[in-house]
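Residues per chain, in single letters:
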Amino acid sequence: MPEGVSPGRVTEDATLIGIDYGTRRIGLAVGGTRLGQARPLGALANVNGTPDWAALDARVAEWRPAAFVLGWPLGVDGEEPPIVAHVRGFARRLGRRYDRPVHTVDERYSSIAAGERLAERRRDGRKTRRATHADVDATAAAVILERWFDAGGGAAPAETSAPEAPR
C-alpha cells in the first residue's frame, strides 16, 4: 500500500491528486492533507473516453499521491447525469492502474467556482492572459480537492459530500 494510506483512510501528511473528469479534458490538481490546500497542475486530453494515460502516469510518478479525489457529477437536484457511467468506469480503472484509493466528492458548481477564481486572479494582476478551458478544468480539480479536505478528508473511498451552491 502507498505511503500515507491505511485501508480506506489517508494520513494527516499525504499528497493527493484531485481530478475533474470531462469528456474532452481531465483537470488535475495536487494538494496535501497537512495544509488542506490544492493547486492546479493542468489538464490531460480525454479522447473518446480514453484518457492520456502516459501523461497521467508521469504526474503520478512525479507527485506519488497516496490517493485520488475525483469529482462526482450530480445535477442541481442531486440526480446522476449520463456522464456518471464514464466517471464510474474511469474511477475503477484509476484505482486498479495505480493501486490507490479513489475518493469522490460532489463536484456541483466546481467549474463556476474555478471560473470565478481565475477571473479574480486576472482582475488583481496575478494572471495576465485569458483563461483557457484547460485552466478552468485544472482549477476545478483544485476546488474539488479542497472541498474534500474541507469535508474532513480521509473518509472511506467512494464517500460523497454535497457542498453548498456558490452565492
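Residues numbered from 1 in each chain as written. Predicted model: local features only at pLDDT ≥ 70, side-chain atom pairs only at ≥ 80, totals over all residues. Heavy atoms only, no water.

(A) Seen up close, the overall build of the chain. Broken down by element type, the chain carries 4 helices and 8 strands. The N-to-C order of helical and strand elements in the chain reads β-β-β-β-β-β-α-β-α-β-α-α. The proportion of buried residues among the 167 residues of the chain is 46%. Here the analysis covers contacts within the chain between residues at least 6 apart in sequence; of these, 65% occur between residues at least 24 apart. (Helix = DSSP H or I, 4+ residues; strand = E, 2+ residues; numbered from the N terminus. Buried < 20%, exposed > 50% of the residue type's maximum accessible area, 1.4 Å probe, protein only. Contact = heavy atoms within 4.5 Å.)

(B) A look at the environment of Ile19. Among the secondary structure elements, Ile19 is positioned in strand S3 (residues 15–21). Residue class for Ile19 comes out buried when judged on its relative accessible area of 0%. Beyond its immediate sequence surroundings of up to four residues, Ile19 is in contact with Ile26, Gly27, Leu28, Phe68, Val69, Leu70, Gly71, Phe90, Leu94, Ala141 and Ile144.

(C) Focus on the side chain of Arg100. By the secondary structure assignment, Arg100 is in the loop between helix H2 (84–98) and strand S8 (102–106). We note that Arg100 is buried and unpaired, the nearest opposite charge coming from Asp99 at a distance of 6.9 Å. Side-chain polar atoms of Arg100 contact the backbone oxygen of Pro65, separated by 2.5 Å. A polar side-chain atom of Arg100 sits 2.7 Å from the main-chain carbonyl oxygen of Tyr98. (Lys, Arg positive; Asp, Glu negative; His and termini not counted. Salt bridge = Lys/Arg side-chain N within 4 Å of Asp/Glu carboxyl O. Polar contact = N/O pair within 3.5 Å; in protein donor to acceptor, adjacent residues only side chain to side chain.)

(D) Seen up close, the side chain of Glu146. Among the structural elements, Glu146 can be located in helix H4 (residues 133–150). Judged by its relative accessible area of 15%, Glu146 falls in the buried class. Engagement of the side chain of Glu146 in a polar contact is seen with the side chain of Arg117, the distance being 2.6 Å.

(E) Summary view of the pairing of S3. Of all 7 residues making up S3, 6 are buried, and the element is well covered by its neighbours. In terms of strand pairing, S3 meets strand S4 (residues 25–32) through 7 bridges, oriented antiparallel. Across the sheet, residue Ile19 finds its bridge partner in S4, namely Leu28. The hairpin turn running from S3 into S4, its antiparallel successor, is 3 residues long. (Pairing = 2+ DSSP bridges.)

(F) Focus on the pattern of salt bridges. Inspection of the entire model under this criterion finds 7 salt bridges. Its salt-bridge partner being Arg25, residue Asp137 comes within 2.6 Å of it at the nearest N-O pair. Pair noted here: Asp137 is in helix H4 and Arg25 is in strand S4, with a separation of 112 residues, a long-range link. We classify Arg25 as partly exposed; its relative accessible area is 26%. Residue Arg88 pairs with Glu80 through a salt bridge whose shortest N-O separation is 3.5 Å. For Arg88, a relative accessible area of 34% puts it in the partly exposed group. Judged by relative accessible area, Glu80 falls into the partly exposed class, the value being 45%.

(G) Structural view of the nonpolar core. Ranked by internal contacts, the top residues of the largest apolar core, which has 21 residues, are Ile19, Leu28, Leu56, Phe68, Leu70, Phe90 and Leu94. Looking at this core, the elements that each hand over two or more residues are S3, S4, strand S5 (37–47), helix H1 (53–63), strand S7 (67–72) and H2. Residue contacts for Phe90: discarding those within four places in its chain leaves Ile19, Tyr21, Ile26, Pro51, Trp53, Leu56 and Leu70. Within the second largest apolar cluster, 15 residues are counted, among which are Val10, Ala66, Ala67 and Leu145. (Core = buried A, V, L, I, M, F, W, Y, C linked by side-chain atoms within 4.5 Å.)

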